[in-house]
Amino acid sequence: MQNKIIVTGGAGFIGSNFILQWFANESAAIVNLDLLTYAGNPENLVTVSENSRYQFVHGDIGNRELARGLLTEHQPRAVVHFAAESHVDRSIHGPDDFVRTNVNGTLGLLEAARSYWSNLPPTDQQAFRFLHVSTDEVYGSLGLDDPPFHENTAYAPNSPYSASKAASDHLVRAYHHTYGLPTLTTNCSNNYGPRQFPEKLIPLMILNARAGKPLPVYGDGQNVRDWIFVDDHCDAVRTVLARGGVGETYNVGGRSEQKNMDVVETVCAVLDELRPDDPVVPHRSLIRFVQDRPGHDRRYAIDSRKIERELGWHPTETFASGLRKTIEWYLEHDQWTRNIATGAYREWVAKQYSL
Ligand code: NAD
Ligand code: DAU
């Protein structure tokens, strides 16, 4: 095997932050397999595009021939699988892409990995890892007083997105149990940070607030998410890859439960301070309650004691410090935002928010 890993979905939000963090901390080369859907943005990786340790491959994880060919050619020691359709609201409008990529695509990748892995010499077989990046949404919704999700919480996905991720988690589990493929799975809570596509809550609010557009809060705004700064999640993925137990799953969270309204209010307060001359100030005057998301999960919370206790990982960013860093990044990267504000993005916003 080579000192190389294959990353899928590395042009997206978490994958690109992972690749940047990887090159700052690790020696192995990366092959990034990404289909460049609306969420994939090569600009996220412009600083490493000339790096001799980096190679980009444009393609679909569901293309088994392609995946098998890449594995045979590069002989990687691991696959780190981020590629997915990731937005809950889009899954409600159209579940097919979610099943195609998250379920069938993951199956194709697992088949390619199994075929590669089963032909490796025994010591390489032992060293190889297939790390599947998943979500806390597979566990469903919590009441306000329920204990947080732990690794043995029963799966109860509620959206087409989370159902497709749950199916992919089950396939990964089955490939370990049935074929012995050395898998690892992480189930992480809501990420935020630089390079997140502005269909998700925090970047959407930052961009709309700056432009003096309405800030659409679903339902009563009291839904709770556990927020983690993206670098902490990437660090957890690297930790699990290095030291995680084969066949194990690890919950990853930021120890930072927040109600949506509080998140939006905090974004507005930071922007009031940093951009007092924006068209509409105070920014919070732009908040509008809009129709709730169908089947909207009330609360997610993560018990991440397993990864903390067994692997020594801890989140380092508080929500206040991480959110400020995130807002500052968006303020400093106007051009990034302008470049992704394509016709397709505008069409999505018009469809979702009737704007
Ligand atoms: P994203 O939507 O920003 O990026 C997804 C990437 O996958 C894009 O680069 C896209 O081009 C690529 N992709 C999509 N379909 C593909 C296909 N068929 N073949 C190859 N590439 C394809 O997603 P994200 O927010 O960075 O999430 C990454 C992973 O982490 C996903 O698996 C998601 O379920 C999981 N996750 C996300 C969060 C979160 O808060 N964003 C939290 C926990 C877990
Ligand atoms: O929990 C992990 C998951 O977090 C990931 O698996 C998903 O890929 C990721 O998209 C995220 O899912 P959410 O649905 O929680 O994230 P989103 O940013 O879409 O919404 C966060 C909360 O904010 C949610 O309760 C819905 C609400 N919301 C969202 C948008 C886009 C609003 O109130 N208004 C909005 O315009």
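The structure under discussion appears in the preceding block.
Analysis parameters
Residues numbered from 1 in each chain as written. Chains lettered and ligands numbered in written order. Predicted model: local features only at pLDDT ≥ 70, side-chain atom pairs only at ≥ 80, totals over all residues. Heavy atoms only, no water. Near = heavy atom within 4 Å. Polar contact = N/O pair within 3.5 Å; in protein donor to acceptor, adjacent residues only side chain to side chain. Areas by Shrake-Rupley, 256 points an atom, 1.4 Å probe, with all protein chains shown as cover. Helix = DSSP H or I, 4+ residues; strand = E, 2+ residues; numbered from the N terminus. Phe/Tyr/Trp six-rings, centres within 6.5 Å; stacked < 30°, edge-to-face > 60°. Buried < 20%, exposed > 50% of the residue type's maximum accessible area, 1.4 Å probe, protein only. Lys NZ or Arg CZ within 6 Å of the ring centre and 35° of its normal. Axes fitted to C-alpha atoms, helices over the stretch in contact; angles between N-to-C directions. Parallel < 35°, antiparallel > 145°, perpendicular 65-115°, else oblique. Left-handed = near helix turned anticlockwise from the far one by under 90°. Contact = heavy atoms within 4.5 Å. Nonpolar A, V, L, I, M, F, W, Y, C, P; charged D, E, K, R; others polar. Pairing = 2+ DSSP bridges.

Asker: Can you explain the site of ligand 2? Please cite residues and give values.
Answerer: Ligand 2 sits among 24 residues. The nearest are Asp-136, Tyr-161, Arg-293, His-296 and Tyr-353. Thr-135 is positioned with one of its side-chain polar atoms (N or O) 2.7 Å from an oxygen atom of ligand 2. Here ligand 2 loses 95% of its free accessible area of 690 Å² to cover by the protein chains. For the shell around ligand 2, the secondary structure elements donating two or more residues are helix H7 (201-211) and strand E8 (215-218). For the shell around ligand 2, the element with the most residues is E8, which contributes 3 residues.

Asker: So, the packing of aromatic side chains: which residues are in play, and what are the values?
Answerer: One pass over the structure, following the stated rule, counts 17 aromatic pairs. Judged by centre distance (5.1 Å) and plane angle (55°), the ring pair of Phe-18 and Phe-82 falls under tilted. Placement of Phe-18 in helix H1 (residues 13-25) and of Phe-82 in the loop between strand E4 (78-81) and helix H3 (88-93) is noted, with a sequence separation of 64 residues between them. By the burial criterion, Phe-18 is buried, and Phe-82 matches it. What links up through ring pairs into an aromatic cluster is the set Tyr-139, Phe-149, Tyr-155 and Tyr-300. Its guanidinium or amino end placed over the ring of Tyr-38, Arg-90 lies 3.6 Å from that ring's centre, counting from NZ or CZ. The aromatic ring of Tyr-179 is capped on one face by Arg-114, whose charged end is 3.9 Å from the ring centroid.

Asker: Report on the packing of helix H9 (residues 260-274) against helix H11 (residues 319-332), specifying residues and quantitative values.
Answerer: Where H9 contacts H11, the axes come no closer than 11 Å and their chain directions differ by 55°. Considered as vectors, H9 and H11 are oriented oblique to each other. Between H9 and H11 lies a crossing whose hand is right-handed. Contact residues: H9 offers Val-263, Thr-266, Val-267, Val-270, Leu-271, Glu-273 and Leu-274, while H11 offers Phe-319, Leu-323, Arg-324, Ile-327, Glu-328 and Leu-331. Each residue belonging to the contact of H9 with H11 can be placed in one class, and the counts come to 9 nonpolar, 1 polar and 3 charged.

Asker: Describe the sheet that holds strand E11 (residues 257-259), with residues and values.
Answerer: The strand order across the open sheet built from 3 strands is E7-E9-E11, with neighbouring strands paired in mixed fashion. A single partner strand is all that each edge strand has here, and the edge strands are strand E7 (190-192) and E11. Across the sheet, the mean angle from the axis of one strand to that of its neighbour is 50°, orientation sign disregarded. Relative to E11, strand E9 (residues 224-229) runs antiparallel, the two being bridged by 3 bridges. Opposite Val-224, over in E11, you have Lys-259 as the bridge partner.

Asker: Kindly report on the sheet that holds strand E3 (residues 54-58), identifying the contributing residues and their values.
Answerer: Each strand in a sheet pairs with its neighbour through backbone hydrogen bonds, running either in the same direction (parallel) or in the opposite one (antiparallel). Within the open sheet, the 7 strands sit side by side as E3-E2-E1-E4-E5-E6-E10. Their pairing is parallel. The outermost strands of the open sheet, each flanked by one partner alone, are E3 and strand E10 (249-252). For this sheet, the mean inter-axis angle between neighbouring strands, taken without regard to orientation, is 20°. Both strand E5 (residues 129-135) and strand E6 (residues 183-188) contribute to a ladder of 6 bridges, which runs parallel. Opposite His-132, over in E6, you have Thr-185 as the bridge partner.

Asker: Residues and numbers for the site of ligand 1, please.
Answerer: Around ligand 1 there are 28 residues in total, and Ile-14, Asp-34, Ser-86, Tyr-161 and Lys-165 lie nearest to it. Measuring from a nitrogen atom of ligand 1, one finds a backbone N or O atom of Ile-61 at 3.0 Å. The backbone of Val-133 places a nitrogen or oxygen atom 3.5 Å from an oxygen atom of ligand 1. Contact with the protein chains hides 97% of the accessible area of ligand 1, taken as 840 Å² for the molecule alone. Within the residue set of the shell around ligand 1, elements represented by two or more residues are H1, E5, helix H6 (160-179) and E7. Element by element, the count of residues in the shell around ligand 1 is highest for E5, at 3 residues. When its residues are assigned to classes, the shell around ligand 1 shows 13 nonpolar, 12 polar and 3 charged.

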